[in-house]
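Inside the fold
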Amino acid sequence: MATKHIVCTRCGTINRVPADKQLASGQCGACKSKLSTDTPIDISETILNRLLAKDEGSFLLDVWAPWCGPCRMMAPAYMETAKHYGGALRFLKLNTEAFPNAGAALNVRGIPALLMFQSGSIVDQRAGVMTSQMMTKWIDNSNIAASLTEI
């Protein structure tokens, strides 16, 4: 049976998950947290580094800061888009005020920035405010869309 390694965004444990299993139904073997939810999850620089090094799944990362008006303006649309995918795609958030080195390491020049990852690599990115409809269209037309029925 084919498996993928999925990093728990809460504790950083690497989980081996069957490739044909819906990610939203999985939970971490160590901390029992869901591996994916229908709401965005705040992550640390440590978890991001673990995801980039070890994760074989797909996720969307919102790079933002609390002082950024456009970031705050886009947050409800990001939440709505996460609900639309119902945990089939992980929606993560990285606060660059709390973790400035992480934003620099990703070469983020302006926020808000959305980065689409697959197997630890950026496959696409967008800068600036996006509506939920724009995000959904972008995701549905991306290289990761086919993997959303799987892990």
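A few points on the structure. The model shown is predicted, which means the values in this text are computed figures rather than measured ones.

Scanning all chains against the criterion turns up 3 salt bridges. Here Arg-90 ties to Asp-55 by a salt bridge, and the two come within 2.6 Å at their closest N and O atoms. Note that Arg-90 is positioned in strand β5 (residues 90–95) and Asp-55 in the loop between α1 (45–54) and β4 (58–64), a separation of 35 residues in sequence. Overall, Asp-55 belongs to the buried group, its relative accessible area being 2%.

Let us now look at the side chain of Thr-136. With respect to the helices, strands and loops of the structure, Thr-136 is situated in helix α4 (residues 132–140). If sequence neighbours within four positions are ignored, Thr-136 has contacts with Thr-81, His-84 and Tyr-85.

The subject of this paragraph is the packing of aromatic side chains. Going through the model one piece at a time under the given rule, you end up with 3 aromatic pairs. Taken together, Tyr-78, Tyr-85 and Phe-91 form an aromatic cluster joined through their ring pairs. Residue placement shows Lys-93 over the ring face of Trp-64; its charged tip is 4.9 Å from the ring centre.

In this chain, Ile-111 is followed by Pro-112 through a cis amide linkage whose omega measures 0°. Looking at where Pro-112 falls in the secondary structure, it is placed in the loop between α3 (100–105) and β6 (113–118). Not every positive phi belongs to a glycine, and Lys-32 is a case in point at roughly 70°. Backbone geometry places Ser-119, a non-glycine residue, at a positive phi of 50°. Looking at the secondary structure, you find Ser-119 in the loop between β6 and β7 (121–127). By relative accessible area, Ser-119 is classed as partly exposed at 42%.

Within α4 the residues assigned to the buried category are Ser-132, Met-135, Thr-136, Trp-138 and Ile-139. Projected down its long axis, α4 shows its buried positions confined to an angular sector of 165°, all on one face. What points out from α4, more than 90 degrees from its buried face, is the exposed set Gln-133 and Lys-137. In this fold, the buried residues of α4 make contact with β4, α2 (69–85), β5, β6 and β7.

With respect to the secondary-structure elements, Asn-15 resides in strand β2 (residues 14–18). Within the structure, the side chain of Asn-15 is placed 2.8 Å from the backbone nitrogen of Gly-29, a separation counted as a polar contact. Ignoring any residue separated from it by four or fewer positions in sequence, one finds Asn-15 in contact with Lys-4, His-5, Ile-6, Cys-8, Gln-27, Cys-28, Gly-29 and Leu-35.

Basis of the calculations
- Residues numbered from 1 in each chain as written.
- Predicted model: local features only at pLDDT ≥ 70, side-chain atom pairs only at ≥ 80, totals over all residues.
- Heavy atoms only, no water.
- Salt bridge = Lys/Arg side-chain N within 4 Å of Asp/Glu carboxyl O.
- Helix = DSSP H or I, 4+ residues; strand = E, 2+ residues; numbered from the N terminus.
- Buried < 20%, exposed > 50% of the residue type's maximum accessible area, 1.4 Å probe, protein only.
- Contact = heavy atoms within 4.5 Å.
- Phe/Tyr/Trp six-rings, centres within 6.5 Å; stacked < 30°, edge-to-face > 60°.
- Lys NZ or Arg CZ within 6 Å of the ring centre and 35° of its normal.
- Arc of directions from axis to C-beta.
- Polar contact = N/O pair within 3.5 Å; in protein donor to acceptor, adjacent residues only side chain to side chain.

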